[in-house]
Amino acid sequence: MSSFLCIGHQGAPGYAPENTLASFEKAIDLGVDGVELDIFIVDGDLVVIHDYRLERLTTGTGLVEEKTFDEIRSLEVKGGGKIPLLTEVLDLVNRRTNVNIEIKSECTAPLVANVINEYVRKHSWKYEQFQVSSFNHYELKTIKALVPEIKTGALIFGVPIGWAKFAAELNVYSINISIEFVNEELIEDAHRRGIKVFVFTVNFPDDIQRMIDLGVDGVFTDYPDRVIEIRSNANVIQESDI
Ligand code: G3P
Ligand code: MG
């Protein structure tokens, strides 16, 4: 029997504004195995937001990284709530589920390593409760060098030459791939190399079933309840190990 994890993509944005405290709380309520969030650096702090610009998601305008901390904190997320800090999300989660931190901005890995080390040393988190992922694979190399215990995930939006070879060379725990590109050859090669495969963003019931049938290790979803219901009818188990 294989496992199939349900990871709340930005919390549970099918039900609350993405990457807000309300969204993470909702995902935990729904019973996820982990939540995923996106981070940028602002004024030396790590803030949780998906876009590099403010317009789509907030009352603000312009580039996230060019704002001051006070400017970011004065904004409202459309649909309610503030842009949270990474530490505020970790305090809210309080070890109730695992956390996948997706690094969006450059040169962010050292700060993320500091925060994870702090939560392990001072707040009783375990390294295995975290995964750090990024489309910027240099960030993954940096964080792995700084904190070898941290599981890393190589995000890709495409089909790499050599299937999972790049991921083995990067020494990542998983390949986190878009549903548009995942295929049997990549999954088979990754598994042969001991690398897991997680797929984003899987929201439609037929896609969820297809991912179970393909044998991937879990999905990122905006609708955790759908994944939990469909997998409960399938021959898979749940593991709290993202
Ligand atoms: O980590 C999975 C997924 O979040 C990656 O893409 O654009 O939704 O951050 P994106
Ligand atoms: Mg993301």
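These numbers were taken from a predicted model, which means no experiment stands behind them. (Residues numbered from 1 in each chain as written. Chains lettered and ligands numbered in written order. Predicted model: local features only at pLDDT ≥ 70, side-chain atom pairs only at ≥ 80, totals over all residues. Heavy atoms only, no water.)

Caption draft 1: Representation of empty space enclosed by the protein within the structure. Per the stated rule, a full pass over the model turns up one cavity of 30 Å³ or more. Taken as a whole, the largest cavity holds about 50 Å³ of empty space. Lining the largest cavity, in full, are Glu18, Asn19, Val48, Ile49, His50, Leu57, Val77, Ile83 and Pro84. Its residues assigned to classes, the lining of the largest cavity shows six nonpolar, two polar and one charged. (1 Å grid on protein atoms, 1.4 Å probe; cavity = no way out; pocket = protein on both sides within 12 Å on 5 of 7 lines; lining within 4 Å. Points joined across faces, edges and corners; volume = space filled by probe spheres on them. Nonpolar A, V, L, I, M, F, W, Y, C, P; charged D, E, K, R; others polar.)

Caption draft 2: Region of the structure containing the environment of Gln131. Tracing the backbone shows Gln131 in strand E6 (residues 130-134). Given the relative accessible area of 1%, Gln131 is considered buried. Sequence separation between Gln131 and Val32 is 99 residues; the distance between their C-alpha atoms is 15 Å. At 3.1 Å, the side chain of Gln131 and the side chain of Ser174 are in polar contact. (Helix = DSSP H or I, 4+ residues; strand = E, 2+ residues; numbered from the N terminus. Buried < 20%, exposed > 50% of the residue type's maximum accessible area, 1.4 Å probe, protein only. Polar contact = N/O pair within 3.5 Å; in protein donor to acceptor, adjacent residues only side chain to side chain.)

Caption draft 3: Spotlight on the packing of aromatic side chains. The full count for this structure, using the stated rule, is five aromatic pairs. Consider the rings of Tyr15 and Tyr223, whose centres lie 5.6 Å apart with planes at 85°: the pair is edge-to-face. Taken together, the residues Tyr15 in the loop between strand E2 (5-9) and helix H1 (21-30) and Tyr223 in the loop between strand E10 (218-221) and helix H9 (224-232) connect sequence positions 208 residues apart. Residue classification places Tyr15 among the partly exposed residues on the basis of a relative accessible area of 38%. Accessibility expressed as a relative area gives 22% for Tyr223, which makes it partly exposed. Each member of the aromatic cluster is reached from another via a ring pair, and the members are Tyr119, Trp125 and Phe130. (Phe/Tyr/Trp six-rings, centres within 6.5 Å; stacked < 30°, edge-to-face > 60°.)

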